[in-house]
Amino acid sequence: DYHEGSAGITRPTAIQVAPPPSVRLAASLLGQGAGTQVQLLLYGTTGQQQIVQASSNLLDWTCVATNSLATNLFQFLDQDPLQFPQRFYRAVTIP
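Residues numbered from 1 in each chain as written. Predicted model: local features only at pLDDT ≥ 70, side-chain atom pairs only at ≥ 80, totals over all residues. Heavy atoms only, no water.

Caption draft 1: The overall build of the protein, seen in detail. When its secondary structure is counted, the protein shows zero helices and six strands. Along the protein, helices (α) and strands (β) appear in the sequence β-β-β-β-β-β when read from the amino end. Relative to a compact globule of 95 residues, whose C-alpha radius of gyration would be 12 Å, the protein shows 22 Å and is clearly more extended. Its C-alpha atoms give the protein principal-axis dimensions of roughly 80 × 25 × 15 Å. Out of the 95 residues in the protein, the part that is buried amounts to 25%. (Helix = DSSP H or I, 4+ residues; strand = E, 2+ residues; numbered from the N terminus. Rg over C-alpha atoms; globule rule 2.2 N^0.38 Å. Buried < 20%, exposed > 50% of the residue type's maximum accessible area, 1.4 Å probe, protein only.)

Caption draft 2: How the structure looks around the nonpolar core. Grouped together as the largest cluster of nonpolar side chains are 11 residues: Val23, Val38, Leu40, Leu42, Val52, Ala54, Ala65, Leu69, Phe74, Phe76 and Tyr89. Only strand S2 (37-43), strand S3 (49-55) and strand S5 (73-78) provide two or more residues apiece to this core. Top element by residues in this core is S2. It accounts for three residues. Setting aside its immediate chain neighbours within four residues, leucine 40 contacts Leu25, Ala26, Ala27, Val52, Phe74, Gln75, Phe76 and Tyr89. (Core = buried A, V, L, I, M, F, W, Y, C linked by side-chain atoms within 4.5 Å. Contact = heavy atoms within 4.5 Å.)

Caption draft 3: Inspection of unusual backbone geometry at higher detail. Even without glycine at this site, leucine 58 takes up a positive phi of about 65°. Relative to the assigned elements, leucine 58 resides in the loop between S3 and strand S4 (62-68).

Caption draft 4: Expanded view of the sheet that holds S2. The sheet built from three strands is open, its strands ordered S1-S2-S5 with antiparallel pairing. Since the sheet does not close on itself, it has two edges, and those belong to strand S1 (24-30) and S5, each with one partner. Averaged over neighbouring strand pairs, the angle between their axes works out to 20° when direction is ignored. As paired strands, S2 and S5 are joined by six bridges and run antiparallel to one another. The residue bridging leucine 41 from the neighbouring strand is glutamine 75, located in S5. (Pairing = 2+ DSSP bridges. Axes fitted to C-alpha atoms, helices over the stretch in contact; angles between N-to-C directions.)

Caption draft 5: Here's a closer look at the sheet that holds strand S6 (residues 88-94). One open sheet holds the three strands; their spatial order is S4-S3-S6, and the pairing between them is antiparallel. Looking along the sheet, the strands with just one partner apiece sit at the ends: S4 and S6. Neighbour to neighbour, the strand axes of the sheet diverge by 20° on average, direction disregarded. When S3 meets S6, the two strands line up antiparallel, connected through seven bridges. By the bridge assignment, valine 52 is partnered in S6 with alanine 91.

Structural measurements only, silent on function.
Written out as structure tokens, the structure is:
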């Protein structure tokens, strides 16, 4: 209701804020033998900042790339993945 002399009409309104979608990571091998590379494709939200990390044991992680998405896709190439007996990758979003 509006009353003379009041600041106006106020009504409570619920607003829902959704978090940005999580980062999706796709990996593929390119080439064979000594020239093998690992290609990582990160799908996220434009403007989102991401870190690509690698590990050989799933306990100790090393940053191998940092990126701020200009589009919703980022490509990273690990040029020499065969120097490790096993290699794991993950993408972490920077808040």
